[in-house]
Amino acid sequence: MAIRMDRIVFLIIAVALLEGATSETKLFKVGDDYGWRVPDNKSYYESWVRDKKFEVGDSLEFNWTGTHDVLEVTTKTDYDACVKTNGTPNNTSPVTINLTKNGTFYYICTIGQHCESGQKVNIVVENGSSSSPPISAVLSTITIVAASLVHLCSFLLY
Ligand SMILES: [Cu+2]
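Bear in mind the structure is a predicted one, so any value in this text is a computation, not a measurement.

J.: Looking at this structure, I do not really get the overall build of the protein. What am I missing?
T.: Within the protein one finds four helices and seven strands. Along the protein, helices (α) and strands (β) appear in the sequence α-β-α-β-β-β-α-β-β-β-α when read from the amino end. Evaluated residue by residue, the protein yields a buried proportion of 16% over its 158 residues. Counting contacts in the protein only where the partners sit at least 6 residues apart, residues at least 24 apart contribute 79% of the total.

Set out below in structure tokens:
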């Protein structure tokens, strides 16, 4: 029985942590410690984005040394083609961008051929409170499992 009680305590802590995590806003350092630069691997930023979940209220921070900038482009066409002439790039590191609404957002570096070499990132922002069924689903599953274990324990105890 001791083992089962341990598991229940663990699950309750897990639920509490998950609930805490979902309500916090996050600051994403683009590229993490790698920063914002011409990547050795052209798909570096694509891979960086893959395991991230961006929500309204979060922010992005672009950090670099040397000569780079950040330009938000508004269409996938401009992003794919590295069109650098629509808008004014921000060239003072760090650049912090607050994610204030849902949608897909595109950022490129306009220096030289940096964008063509993979210094570009596109992120999808989803509203955490209304449109995140995966996390809610995980939470309710864990809650159900915890409740079942409590029920099972009391059944076995008496
Ligand atoms: Cu650059």
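J.: Just checking my understanding: could you explain the environment of H114 for this structure?
T.: Position of H114 among the secondary structure elements: in the loop between β6 (103–108) and β7 (120–126). By the C-beta count within 10 Å, which is 21 here, H114 ends up buried. It is 7.8 Å that separates the C-alpha atoms of H114 and R37, two residues lying 77 residues apart in sequence. Apart from residues lying up to four places away in sequence, H114 is in contact with V38, H68, C109 and Q119.

J.: Can you help me understand the nonpolar core in this one?
T.: Soluble globular proteins tend to bury their nonpolar side chains together. By size, the foremost hydrophobic cluster in this structure holds 17 residues, and its most contacted members are V30, F62, V70, L71, Y107, I108 and V121. Broken down by secondary-structure element, the contributors of at least two residues to this core are β3 (59–62), β4 (71–73), β6 and β7. Contacts of F62, omitting those with residues within four sequence positions, involve V30, W36, V70, S93, P94 and V95.

J.: Where do I start with unusual backbone geometry in this structure?
T.: Negative phi values dominate among residues other than glycine, just as trans dominates among peptide bonds. Look at the link from S93 to P94: it is a cis peptide, with omega at -5°. Here P94 shows up in the loop between α3 (76–81) and β5 (95–98). In this structure, D32 is a non-glycine residue whose phi angle is positive, near 50°. In this fold, D32 is placed in the loop between β1 (27–29) and α2 (44–50). Positive phi, close to 55°, is recorded for C82, a residue that is not glycine.

J.: What is the right way to read the sheet that holds β6 from this model?
T.: Backbone hydrogen bonds are what pair the strands of a sheet, in a parallel or an antiparallel way. Pairing in this open sheet of four strands is mixed, and the strands run β2-β7-β6-β4 from one edge to the other. For this open sheet the edge positions go to β2 (54–55) and β4, each flanked by a neighbour on one side alone. For β4 and β6, the ladder comprises three bridges, and the chain directions are antiparallel. Considered in β6, the bridge of V73 is made with Y106.

Parameters at a glance
Residues numbered from 1 in each chain as written. Predicted model: local features only at pLDDT ≥ 70, side-chain atom pairs only at ≥ 80, totals over all residues. Helix = DSSP H or I, 4+ residues; strand = E, 2+ residues; numbered from the N terminus. Buried ≥ 20, exposed ≤ 12 C-beta atoms within 10 Å, placed from the backbone. Contact = placed C-beta atoms within 7 Å. Core = buried A, V, L, I, M, F, W, Y, C linked by C-beta atoms within 7 Å. Pairing = 2+ DSSP bridges.

In short, the description is geometric, and any link to function would need to be established separately.
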